[in-house]
Amino acid sequence: MAEAWLRDEDEALLAAARLARERAYAPYSRFPVGAAVRAADGRIFQGCNIENASYGLTICAERVAVFQAVAAGVRQLVAVAVVGPGDEPCRPCGACRQVLREFGLEMRVIMAGEDGPVEVTTLDELLPRSFGPDHLGPQPG
Ligand code: THU
């Protein structure tokens, strides 16, 4: 369920996502999105959407942020903020929900537009009964 209240750390993550949005490369959709993930150790990693003339190669802001974190050695994410254009909170697409789930089943999700309301929920609410690494049994590495 969406919650009206925001913690200080949510505000900081949102601010990071808003900054990342300024670096979005979205000449085709003109829908710039910024994201930021918080690692369990408090570090923040940013992402923006990066489109391509071959449209299908576009990657969403959330996945860029997650991949930045994983490439830095982080495997546990506790929160994500996503900011899109307009007044509506920007919701992560289905593909990004699945990618986020891989590294943070209990993740807090903060969603916003340029203006308007901020929504806070959990990944479990956005992707209930999901499939994840635990369903594959023990994996090497
Ligand atoms: N997009 C994101 O980056 N994140 C979302 O949560 C929704 C969609 C991007 C993908 C594409 O570049 C543009 O927004 C329009 O779909």
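Whatever comes next refers back to the structure up there.
Residues numbered from 1 in each chain as written. Predicted model: local features only at pLDDT ≥ 70, side-chain atom pairs only at ≥ 80, totals over all residues. Heavy atoms only, no water.

### Side note on the nonpolar core
No. 1: Counting residues in hydrophobic clusters, the biggest one holds 21 residues, and the most contacted among them are Val-37, Leu-77 and Leu-100.
No. 2: Only strand S1 (34-39), helix H2 (61-71), strand S3 (77-83), helix H3 (94-103), strand S4 (108-112) and helix H4 (123-126) provide two or more residues apiece to this core.
No. 3: At four residues, H2 tops the list of elements feeding residues into this core.
No. 4: Dropping the residues within four chain positions of it, Leu-77 is found in contact with Val-37, Arg-38, Ala-39, Val-66, Ala-69, Phe-103, Gly-104 and Met-107. (Core = buried A, V, L, I, M, F, W, Y, C linked by side-chain atoms within 4.5 Å. Buried < 20%, exposed > 50% of the residue type's maximum accessible area, 1.4 Å probe, protein only. Helix = DSSP H or I, 4+ residues; strand = E, 2+ residues; numbered from the N terminus. Contact = heavy atoms within 4.5 Å.)

### What about the site of the ligand?
No. 1: Around the ligand, the surrounding shell holds 13 residues, and the nearest of these are Asn-49, Glu-51, Ala-61, Glu-62 and Arg-91.
No. 2: A distance of 2.9 Å separates an oxygen atom of the ligand from a polar side-chain atom of Asn-49.
No. 3: Contacts to the ligand include Glu-62, whose side-chain N or O atom sits 2.5 Å from an oxygen atom.
No. 4: When the ligand sits alone it has 380 Å² of accessible area, and the protein chains cover 79% of it.
No. 5: Considered class by class, the residues forming the shell around the ligand number seven nonpolar, three polar and three charged. (Near = heavy atom within 4 Å. Polar contact = N/O pair within 3.5 Å; in protein donor to acceptor, adjacent residues only side chain to side chain. Areas by Shrake-Rupley, 256 points an atom, 1.4 Å probe, with all protein chains shown as cover. Nonpolar A, V, L, I, M, F, W, Y, C, P; charged D, E, K, R; others polar.)

### Let's talk about the packing of aromatic side chains
No. 1: Tallied over the full model, the rule gives one aromatic pair.
No. 2: Here Tyr-28 and Tyr-55 contribute two aromatic rings whose centre-to-centre distance is 5.4 Å and whose plane-to-plane angle is 45°, an arrangement assigned as tilted. Pair noted here: Tyr-28 is in the loop between helix H1 (8-21) and S1 and Tyr-55 is in the loop between strand S2 (44-48) and H2, with a separation of 27 residues, a long-range link.
No. 3: With relative accessibility at 60%, the residue Tyr-55 sits in the exposed group. (Phe/Tyr/Trp six-rings, centres within 6.5 Å; stacked < 30°, edge-to-face > 60°.)

### Describing the pattern of salt bridges
No. 1: Summed over all chains, the structure comprises seven salt bridges.
No. 2: Here Arg-7 makes a salt bridge to Glu-9, at a shortest N to O gap of 3.6 Å.
No. 3: Its relative accessible area of 37% is what places Arg-7 among the partly exposed residues.
No. 4: With relative accessibility at 39%, the residue Glu-9 sits in the partly exposed group. (Salt bridge = Lys/Arg side-chain N within 4 Å of Asp/Glu carboxyl O.)

The values reported here are purely geometric and, on their own, carry no functional implication.
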